[in-house]
Amino acid sequence: MRRVRELITSGKLGRPLSILATTGNANRFPADDWRVIRSRGGGGPLMDIGSHRLDLFVDLFGEVVDVKAKCSRSPDFESEDMATLLLEFKTGQHGVLQCYFGTVNTPDRLEVIGTDGRVTIDDLNEGGMVLVDASGESHEHHPPHENFHAPLVSDFAASVLGGRTPRVSGRDGKLASDIIEAAYAGFPIAGSGEP
């Protein structure tokens, strides 16, 4: 993600237009799993895994001013089993997030498109990246930390000990939560009689 941010801020992609993420979890959760009971987990794939992609969206493009969403109730449990969001950022870019539970293939794709280039990452947890711009197509590899959570925990601990704001602040987390709340605003509660 540091490399993607560098490509955006350097102007290599031109004027950024959009960001797209598609993510899923292959697990087919039972109806009593906390991840699919809204009062326990807060929602389904949007809350569980989509939230992390929204963190990336906000980190790269900032505040979101409009959210359109469609969440589809699962026939097997209380929360949604898929959600699609269309976002508009304060700076004018668009974002699209699709997230799923129970897919055979678990996508974790991210794409940033600008007027002069495109970055595509087919699997965020693998580190391979394709950059397409006026000079052609190039492939880069930026392997992730062996423990995905360790750098975040280390940064948080160092910020507490050093009296500084962590790399991911509470404000950042709230922005992602606000987007999720706006997306769920139109999702009917179980037993409400709505479809």
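Everything discussed here concerns the structure shown above.
Residues numbered from 1 in each chain as written. Predicted model: local features only at pLDDT ≥ 70, side-chain atom pairs only at ≥ 80, totals over all residues. Heavy atoms only, no water.

**Q** Can you walk me through helix α5 (residues 170-184) in this structure?
**A** An α-helical turn contains 3.6 residues, so any two residues separated by three or four positions project in the same direction. Between its terminal C-alpha atoms α5 stretches 21 Å, which fits the 21 Å expected from 15 residues at 1.5 Å a residue. All of the buried residues in α5 are Leu175, Ala176, Ile179, Ile180, Ala183 and Tyr184. As for α5, its buried residues are in contact with α2 (38-41), α3 (45-61), β2 (64-73) and β3 (80-89). A distance of 3.3 Å separates the backbone nitrogen of Arg171 from a side-chain oxygen at the start of α5, and that oxygen is part of Ser169. (Helix = DSSP H or I, 4+ residues; strand = E, 2+ residues; numbered from the N terminus. Expected span 1.5 Å × (residues − 1). Buried < 20%, exposed > 50% of the residue type's maximum accessible area, 1.4 Å probe, protein only. Contact = heavy atoms within 4.5 Å. Polar contact = N/O pair within 3.5 Å; in protein donor to acceptor, adjacent residues only side chain to side chain.)

**Q** Can you help me understand the sheet that holds strand β8 (residues 136-141) in this one?
**A** Strands pair in a sheet through their backbones, by hydrogen bonds, and they do so in one of two ways: parallel or antiparallel. Across the sheet, which stays open at both edges, the 8 strands sit in the order β2-β3-β4-β1-β5-β6-β7-β8 with mixed pairing between neighbours. Unpaired on one side and paired on the other, β2 and β8 mark the two borders of the sheet. Looking at each pair of strands side by side, their axes are set apart by 10° on average, direction ignored. In this sheet, strand β7 (residues 128-133) lies alongside strand β6 (residues 117-121) in antiparallel orientation, the contact comprising 4 bridges. Bridge pairing in β7 links Arg118 to Val132. Relative to the sheet, α5 contacts β2 and β3, its axis offset from that of β2 by approximately 50°. (Pairing = 2+ DSSP bridges. Axes fitted to C-alpha atoms, helices over the stretch in contact; angles between N-to-C directions.)

**Q** Sorry, what's going on with the layout of surface pockets here?
**A** Which parts of space are left empty comes out when a probe the size of a water molecule is rolled across the atoms. Empty space within the largest pocket amounts to approximately 1,400 Å³. Every residue lining the largest pocket is counted, 31 residues in all, and those nearest its centre are Met1, Arg53, Leu56, Phe148 and Pro151. Going through the elements one at a time, α1 (2-10), α3, β7 and α4 (150-162) are the ones with two or more residues in the lining of the largest pocket. At 7 residues, α3 tops the list of elements feeding residues into the lining of the largest pocket. Within the lining of the largest pocket, the residues separate by chemical class into 14 nonpolar, 8 polar and 9 charged. (1 Å grid on protein atoms, 1.4 Å probe; cavity = no way out; pocket = protein on both sides within 12 Å on 5 of 7 lines; lining within 4 Å. Points joined across faces, edges and corners; volume = space filled by probe spheres on them. Nonpolar A, V, L, I, M, F, W, Y, C, P; charged D, E, K, R; others polar.)

**Q** Where do I start with the pattern of salt bridges in this structure?
**A** Pairing between side chains of opposite charge can happen when their charged atoms approach one another. Across all of its chains, the model carries 14 salt bridges by this definition. Each of the salt bridges in this network shares a partner with another, and the network as a whole consists of Arg109, Glu111, Arg118 and Asp122. (Salt bridge = Lys/Arg side-chain N within 4 Å of Asp/Glu carboxyl O.)

Read these as geometric descriptors, not functional statements.
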